[in-house]
Amino acid sequence: MTLSDDMILVTGCTGFIAKHIVLKLIETGGRVRGTLRDPARADEIHRLLDAAGLPRNRFEAVVANLERDEGWREAARGCRFVLHTASPFPAAQPRDKFALVPPARDGAVRALSAAREAGAQRVVMTSSVAAIFYGHGRDRARLFTERDVSDVGSPNISPYAVSKTEAEKAAWDTLAGSSTELVTINPSLVFGPLLDAQLGTSASILRMMMNGRFPVLLDIGFGIVDVRDVAAAHVAALQVPEARGRRFIVSGGELSLLQISEILAREFPDLARRLPRRTFPSWPIEMAARVSRRARMLAAELGAPKRLDAGPAEVVLGLRFHTPEEAVRALGESLLRFDLVKR
Ligand code: NDP
């Protein structure tokens, strides 16, 4: 697939996932305008382009903040496609359940309204499985699909998941009835190679584990997807006509925290002493869940990982997922390469 000389807006271009998307778009022949909050960080993208042997003049940076109106209209002007990846993904959950909604939801409305006004053909939005599988009980046999939506009224849902669910709903509403098409990509936890030493929240989980910060593990597991596949999904979703109006779960498979630790110990034997080998019993968390909202959120996730249907992403977007083991290994290697984990 090649993109012609089209201008493509990528919001939040300094993010972990977005950097992979920007490089892939330019490799595929596109021109990218990236929004960022700190203009000095445009250099991070320039350095990546140089390292990949790609021309700097295929990228331009503009300043826009999800919490402000300024800049969005100019950012979207002349863009045929918009990839909306920006959204807060903090390492620690805020206390207020709705704290992340204003930047996530109102920011999505700002970016997508600008795309619609600019007459963009298609928007691809980075949503999350967090907008799909929360608040539906603990039936671990259930297979979650693109038809499922998280219940923001659930007492077990995290502020991050509330923000992703509200942002995605607002995105569908903003583009309803307009000629600008919408596709959402809903990744599970994203691992895989880092392009530079900037860590996103998902990569920092593995870093903490490799630095010996978890003496024991919770009995929790997740879907995991490689960032290279997430980037490929976004680029395919721009171009595949049948993707229009659909939500695509992207996930290469599920692993428990203990399995992740075992993979790291096997791949990086010199770190094995630091890596946890035991899981913490679940009953104290279940007890604490009676009185604490944070414990309730954790308790709802204990046990086998939720099952995710990533089949449509393979069939419609033509993805072939890396295995979760490959994604763990690639992230572990980059954390060592960028000195974010000391041997
Ligand atoms: P990063 O934290 O690396 O990227 C988040 C991006 O959002 C950054 O570019 C950040 O800008 C931008 N952003 C945050 N708040 C604002 C704001 N107020 N105004 C403008 N920009 C803002 O995380 P990821 O790359 O991992 O996440 C990218 C997207 O993918 C997010 O939408 C996230 O919810 C989603 N996602 C991530 C998953 C994962 O496991 N990593 C899983 C599923 C979905 P700045 O660089 O200035 O901080």
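This report concerns the structure included in the present document. Since the structure is predicted, the reported quantities are computational estimates derived from the model, not experimental observations.

## Details of the overall build of the protein
The helix and strand tally for the protein stands at twelve helices and twelve strands. Relative to the globule expectation of 20 Å for 343 residues, the C-alpha radius of gyration of the protein, 20 Å, shows essentially globular dimensions. Along the first, second and third principal axes, the C-alpha set of the protein runs to 55 × 45 × 35 Å. The buried share of the protein, taken over its 343 residues, is 55%. For the protein, restricting intrachain contacts to residue pairs at least 6 apart in sequence, the fraction spanning at least 24 positions comes to 80%. Charge separation in the protein, taken as the distance between the mean sites of 47 positive and 40 negative side-chain charges, equals 4 Å.

## Quick notes on the site of the ligand
The environment of the ligand is made up of 27 residues, and the closest members are T14, T85, Y160, K164 and V190. In the model, a nitrogen atom of the ligand is placed 2.8 Å from a nitrogen or oxygen of the L66 main chain. One nitrogen or oxygen atom from the main chain of S87 is found 3.2 Å from an oxygen atom belonging to the ligand. Protein contact buries 89% of the 880 Å² of open area that the ligand shows by itself.

## Some points on helix α2 (residues 42-52)
Residues that lie three or four places apart on an α-helix share one face, since the helix turns once every 3.6 residues. Along α2, the residues that are buried comprise A42, E44, I45, H46, L48 and L49. Next to the buried residues of α2 lie α1 (16-27), β2 (31-36) and β3 (59-63). Downstream of α2 by one or two residues, G53 has phi in the positive range, about 70°.

## Considering the packing of aromatic side chains
Within this structure, the stated rule accounts for three aromatic pairs. An angle of 20° between the planes, with centres 4.5 Å apart, marks the rings of F89 and Y160 as stacked. One end of the pair, F89, is in the loop between β4 (81-84) and α4 (101-117); the other, Y160, is in helix α5 (residues 159-175), and 71 residues separate them in sequence. Here the aromatic rings of F133 and F144 are separated by 6.0 Å at their centres, their planes lie at 65°, and the arrangement is edge-to-face. One end of the pair, F133, is in the loop between β5 (122-126) and β6 (143-144); the other, F144, is in strand β6, and eleven residues separate them in sequence. Relative accessible area serves as the criterion here: at 3%, F144 is assigned to the buried category. Note that K306 overlies the ring of Y134, its terminal NZ or CZ placed 4.6 Å from the centroid.

## Here's the deal with the sheet that holds β4
Read from one edge to the other, the open sheet built from seven strands follows the order β3-β2-β1-β4-β5-β7-β10, with strand pairing classed as parallel. The strands lining the two open edges of the sheet, one partner per strand, are β3 and β10 (247-250). Within the sheet, the average angular offset between the axes of one strand and its neighbour, ignoring direction, is 20°. Here strand β7 (residues 181-187) pairs with β10 via four bridges, running parallel. Opposite N186, over in β10, you have I249 as the bridge partner. On the sheet, α4 packs against β1 (7-11), β4, β5 and β7 and is oriented at approximately 175° with respect to β4.

## Examining the pattern of salt bridges
Pairs can form between side chains of opposite charge once their charged atoms are near each other. Taken as a whole and judged by the stated rule, the model has 20 salt bridges. The salt bridge involving E60 is made with R33; its shortest N-O contact spans 2.7 Å. Placement of the pair is E60 in strand β3 and R33 in strand β2, with a sequence separation of 27 residues. Taking relative accessible area as the criterion, E60 reaches 33% and is therefore assigned partly exposed. Note that R228 and D226 form a salt bridge whose closest N and O atoms lie 2.7 Å from each other. Taking the relative accessible area as the measure of exposure, R228 reaches 33% and is therefore partly exposed. The exposure class of D226 is buried, given its relative accessible area of 0%. Overlapping salt bridges, with partners in common, bring together K19, R41, E44 and D196 in one network.

## Topic: the packing of helix α6 (residues 201-210) against helix α8 (residues 257-267)
In the contact formed by α6 and α8, the axes pass within 11 Å of each other and the chain directions differ by 65°. Viewed along their axes, α6 and α8 form a crossing whose handedness is right-handed. Two secondary-structure elements touch here, α6 through L206, M209 and M210 and α8 through L257, I260, S261 and L264.

## Some remarks on the pairing of β2
Within β2, five of the six residues are buried, leaving the element largely enclosed by the surrounding structure. With four bridges connecting them, β1 and β2 associate as parallel partners. Counted as the bridge partner of M7 is R31 from β2. Once you follow β1 into α1 and on to β2, the crossover reads as right-handed. Note: β2 against β3, five bridges, orientation parallel.

Reading guide: rules and limits
Residues numbered from 1 in each chain as written. Predicted model: local features only at pLDDT ≥ 70, side-chain atom pairs only at ≥ 80, totals over all residues. Heavy atoms only, no water. Helix = DSSP H or I, 4+ residues; strand = E, 2+ residues; numbered from the N terminus. Rg over C-alpha atoms; globule rule 2.2 N^0.38 Å. Buried < 20%, exposed > 50% of the residue type's maximum accessible area, 1.4 Å probe, protein only. Contact = heavy atoms within 4.5 Å. Lys, Arg positive; Asp, Glu negative; His and termini not counted. Charge placed at Lys NZ, Arg CZ, Asp CG, Glu CD. Near = heavy atom within 4 Å. Polar contact = N/O pair within 3.5 Å; in protein donor to acceptor, adjacent residues only side chain to side chain. Areas by Shrake-Rupley, 256 points an atom, 1.4 Å probe, with all protein chains shown as cover. Phe/Tyr/Trp six-rings, centres within 6.5 Å; stacked < 30°, edge-to-face > 60°. Lys NZ or Arg CZ within 6 Å of the ring centre and 35° of its normal. Pairing = 2+ DSSP bridges. Axes fitted to C-alpha atoms, helices over the stretch in contact; angles between N-to-C directions. Salt bridge = Lys/Arg side-chain N within 4 Å of Asp/Glu carboxyl O. Left-handed = near helix turned anticlockwise from the far one by under 90°. Right-handed = clockwise from strand over helix to strand, strands pointing away.

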